[in-house]
Amino acid sequence: MPVAPIDPPPRLLMGPGPVNADPRVLRAMSAQLVGQYDPWMTASMNETMALYREVFRTDNEATLLVDGTSRAGIEAALVSLLEPGDRVVVPVLGRFGHLLREIAERCGAEVHTIETAWGTVFDEEEIVEAVRRVRPKLLATVQGDTSTTMCQPLSALGPACRELGVLTYVDVTASLAGNTFAMDDWQLDVATAGLQKCLGGPSGSAPISLSEAAVEVVDGRRHVEAGIREASDDDRGERIRSNYFDLAMILDYWGPRRLNHHTEATTMLYGARECARLLVEEGMDAAVERHRLHGAAMTAGAAALGLALFGDQAHKMNNVVAVEIPDGVDGDAARAAMLSDFGIEIGTSFGPLHGKVWRIGTMGWNARHDAVLSTLAALEQVLRAAGTAPTPGAGVAAAKEVYAA
């Protein structure tokens, strides 16, 4: 039977991610393919590396892309840094701390966790004390955990860990470009991200940056594949247990040797390059401020509709807010009405928060006035239909006051 061409329905994605891709990113991704060793292509790869150095705010030469979703970047970092028996400290403030723990355990590491209630963050000294106690090889943490909308302070962790000889890894998938992140100033060793949130692109490419210290660890486990290795290529250390996520080989692929590792995901590279180019053109401080402004407008509007804000608001990410679902309201039915009646998607959460909160994002291309105001206007109507009595126009009015300030 004939199958129709792809024709997705119009949607405004105002959940915790993914979000609508910036039209300029989609245009870049429609460009024709070029061979992976064409001089134009390798020059584009170098340009992409330079752009992401500005996005991560780092001078790290080893700043590149892992082909795959944001989880591919996380797994590449952890499997390349960790050997069986290595000790790791993972502070868990939501679902994605649990993910770091699981991946580290799959690497054979000895994982030590500390936990805080969902909706709160750690005092940095709590984390440093755990590092002093455990003396791990790696501290692995999440900056912005979308499951709780919290943003973990990080600036004191890098200096403390370097003094103790501990590497640091941070998952910035949900926070990069929407919240302040300064890799070099905070003395962090490895960070990974994804395109589908504040970077304003589709899921499928994972920017990563590694310090010289992290590269030294990865290079100490370097094994070049048979068939492309040269006589001078010696095997070093414990072989990284994933071929695809072997950062030693990926660094050789992106580096001057251009050793074949995989066929570059060219279209995703175009998209990732354009995401970074637009952010650098805007300026990273300006991008963070844009997310702060529209996030504040959404938060004010939701509160004005009578929705209780979830979590420690002093440590909320700029780009997503969680609100408690009112008593008597079917949260899933309300989300379905937002989608079917208005074409707007918002999210619930996971684990202990599933069905108890809605998560509303303002990130990437969707961190803009019309997206915020349309979402608040639709949410008011859905709340009224569900039996609550928000003040007419209160959400939009509160958001407009934020914009006018």
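Coordinates for the structure precede this section.
Residues numbered from 1 in each chain as written. Predicted model: local features only at pLDDT ≥ 70, side-chain atom pairs only at ≥ 80, totals over all residues. Heavy atoms only, no water.

Asks: Please clarify how the overall build of the protein chain should be interpreted in this entry.
Replies: The secondary structure content of the protein chain amounts to 13 helices and 13 strands. In summary, the protein chain has a C-alpha radius of gyration of 22 Å against a globular reference of 22 Å for 405 residues, a match within 12%. Seen through its principal axes, the protein chain has C-alpha atoms that stretch 75 × 55 × 45 Å. Looking at the protein chain as a whole, 56% of its 405 residues are labelled buried. Intrachain contacts of the protein chain at a sequence separation of at least 6 include 70% that bridge at least 24 residues. Counting every atom, the protein chain has about 16400 Å² of accessible surface; 52% of that belongs to carbon and sulfur. Computing the positive centroid from 35 side-chain charges and the negative centroid from 53, the protein chain places the two 2 Å apart. (Helix = DSSP H or I, 4+ residues; strand = E, 2+ residues; numbered from the N terminus. Rg over C-alpha atoms; globule rule 2.2 N^0.38 Å. Buried < 20%, exposed > 50% of the residue type's maximum accessible area, 1.4 Å probe, protein only. Contact = heavy atoms within 4.5 Å. Areas by Shrake-Rupley, 256 points an atom, 1.4 Å probe, with all protein chains shown as cover. Lys, Arg positive; Asp, Glu negative; His and termini not counted. Charge placed at Lys NZ, Arg CZ, Asp CG, Glu CD.)

Asks: Looking at this structure, I do not really get the pattern of salt bridges. What am I missing?
Replies: Any two side chains of opposite charge can pair, on the condition that their charged atoms come close. One pass over the full model with this rule turns up 26 salt bridges. E289 is the partner of R292 in a salt bridge, and the nearest nitrogen-oxygen pair spans 2.8 Å. Here the residue R292 and the residue E289 both occupy positions in helix α10 (residues 284-304), the gap between them amounting to three residues, near one helical turn. Take E289: its relative accessible area is 38%, and that puts it in the partly exposed class. Members of the salt-bridge network, linked through shared partners, are D219, R222, E230, D233, D234, R236, D252 and R257. (Salt bridge = Lys/Arg side-chain N within 4 Å of Asp/Glu carboxyl O.)

Asks: Can you walk me through the sheet that holds strand β9 (residues 190-192) in this structure?
Replies: Taken together, seven strands build an open sheet; the order of strands is β2-β10-β9-β8-β5-β3-β4 and the sheet is mixed. A single partner strand is all that each edge strand has here, and the edge strands are β2 (62-67) and β4 (110-115). The sheet shows a mean angle of 20° between the axes of neighbouring strands, taken without regard to direction. Relative to β9, strand β8 (residues 167-171) runs parallel, the two being bridged by three bridges. (Pairing = 2+ DSSP bridges. Axes fitted to C-alpha atoms, helices over the stretch in contact; angles between N-to-C directions.)

Asks: Looking at this structure, how should I read the environment of P18?
Replies: Looking at the secondary structure, you find P18 in the loop between β1 (12-13) and α1 (23-29). The sequence separation of P18 and G200 amounts to 182 residues, and the corresponding C-alpha distance is 8.8 Å. Ignoring any residue separated from it by four or fewer positions in sequence, one finds P18 in contact with L13 and Q196.

Asks: What is the right way to read the nonpolar core from this model?
Replies: Grouped burial of nonpolar side chains is what soluble globular proteins tend to show. Core analysis: the largest hydrophobic core is formed by 97 residues, its most contacted members being Y52, F56, L78, L138, Y169, F181 and W254. When residues in this core are grouped by element, the largest group, eight residues, is from helix α9 (residues 266-282). The residues contacting Y52, other than those within four sequence positions of it, are T63, L65, L195, L199, P207, A272, C275 and A276. M298, L373, A378 and A399 belong to the second-largest nonpolar core, a separate cluster that totals 28 residues. (Core = buried A, V, L, I, M, F, W, Y, C linked by side-chain atoms within 4.5 Å.)

Asks: Just checking my understanding: could you explain the pairing of β2 for this structure?
Replies: Note on strand geometry: in a regular strand, side chains alternate between the two faces of the sheet. Buried residues dominate β2, accounting for six of its six residues. Side chains of β2 alternate between two faces, with A62, L64 and V66 and T63, L65 and D67 buried alike. Direction of pairing for β2 relative to strand β10 (residues 205-210): antiparallel, over a ladder of six bridges. For D67, the partnering residue across the bridge sits in β10 and is S205.

Asks: I would appreciate a short explanation of the packing of aromatic side chains in the present structure.
Replies: What characterises a pair of aromatic rings is the spacing of the ring centres plus the angle enclosed by the ring planes. If you walk through the whole model with that rule in mind, you get six aromatic pairs. When the ring of F181 is compared with that of W186, the centres are 5.7 Å apart and the planes differ by 85°; the resulting orientation is edge-to-face. One cation-aromatic arrangement involves R95 over F350; the distance from NZ or CZ to the ring centre is 4.4 Å. (Phe/Tyr/Trp six-rings, centres within 6.5 Å; stacked < 30°, edge-to-face > 60°. Lys NZ or Arg CZ within 6 Å of the ring centre and 35° of its normal.)

Asks: How do you make sense of the pairing of β4 when you look at a structure like this?
Replies: Pairing of strand β3 (residues 87-92) with β4 involves six bridges; the strand directions are parallel. Directly across from V88, in β4, lies its bridge partner V111. In this region the chain leaves β3, passes through helix α4 (residues 95-106) and returns to the parallel neighbour β4; the handedness of that crossover is right-handed. (Right-handed = clockwise from strand over helix to strand, strands pointing away.)

Asks: Even after reading the chapter, I still don't get the packing of helix α12 (residues 369-385) against helix α13 (residues 394-404), so can you show me in this structure?
Replies: The packing of two helices is summarised by the inter-axis angle and the distance between the axes. Direction vectors running N to C along α12 and α13 enclose 155°, while the axes themselves pass 8 Å from each other. Our classification of the angle between α12 and α13 gives roughly antiparallel. Of α13, the residues touching α12 (which contributes H369, V372, L373, L376, A377 and E380) are A394, G395, V396, A399, K400 and Y403. Looking at side-chain class alone, the contact of α12 with α13 contains eight nonpolar, two polar and two charged residues. (Parallel < 35°, antiparallel > 145°, perpendicular 65-115°, else oblique. Nonpolar A, V, L, I, M, F, W, Y, C, P; charged D, E, K, R; others polar.)

Asks: When you look at the side chain of N179 in this model, what are you seeing that I'm missing?
Replies: One can find N179 in the loop between β8 and β9. Among the residues examined, N179 registers a relative accessible area of 5% and is labelled buried. A polar contact is formed between the side chain of N179 and the backbone nitrogen of N318, at a distance of 2.8 Å. Sequence-distant contacts of N179, that is, excluding residues within four places in its chain, are made with C151, A174, V288, M317, N318 and N319. (Polar contact = N/O pair within 3.5 Å; in protein donor to acceptor, adjacent residues only side chain to side chain.)

Asks: Just checking my understanding: could you explain the environment of G361 for this structure?
Replies: Tracing the sequence through the fold places G361 in strand β13 (residues 357-361). The exposure class assigned to G361 is buried, which follows from its relative accessible area of 1%. Residues G361 and I346, 15 residues apart in the sequence, show an inter-C-alpha distance of 7.5 Å.

Asks: Can you help me understand α9 in this one?
Replies: Owing to its 3.6 residues per turn, the α-helix brings residues three or four apart onto one side. The end-to-end C-alpha distance of α9 is 24 Å, a good match for the 24 Å that 17 residues give at a rise of 1.5 Å each. Restricting attention to buried positions, one finds in α9 the residues T266, M268, L269, Y270, G271, A272, E274, C275, A276, L278 and L279. Buried residues in α9 make contact with α1, α2 (39-56), β2, β10, α8 (247-254) and α10. G283 sits one or two positions beyond α9 and adopts a positive phi of about 100°. (Expected span 1.5 Å × (residues − 1).)

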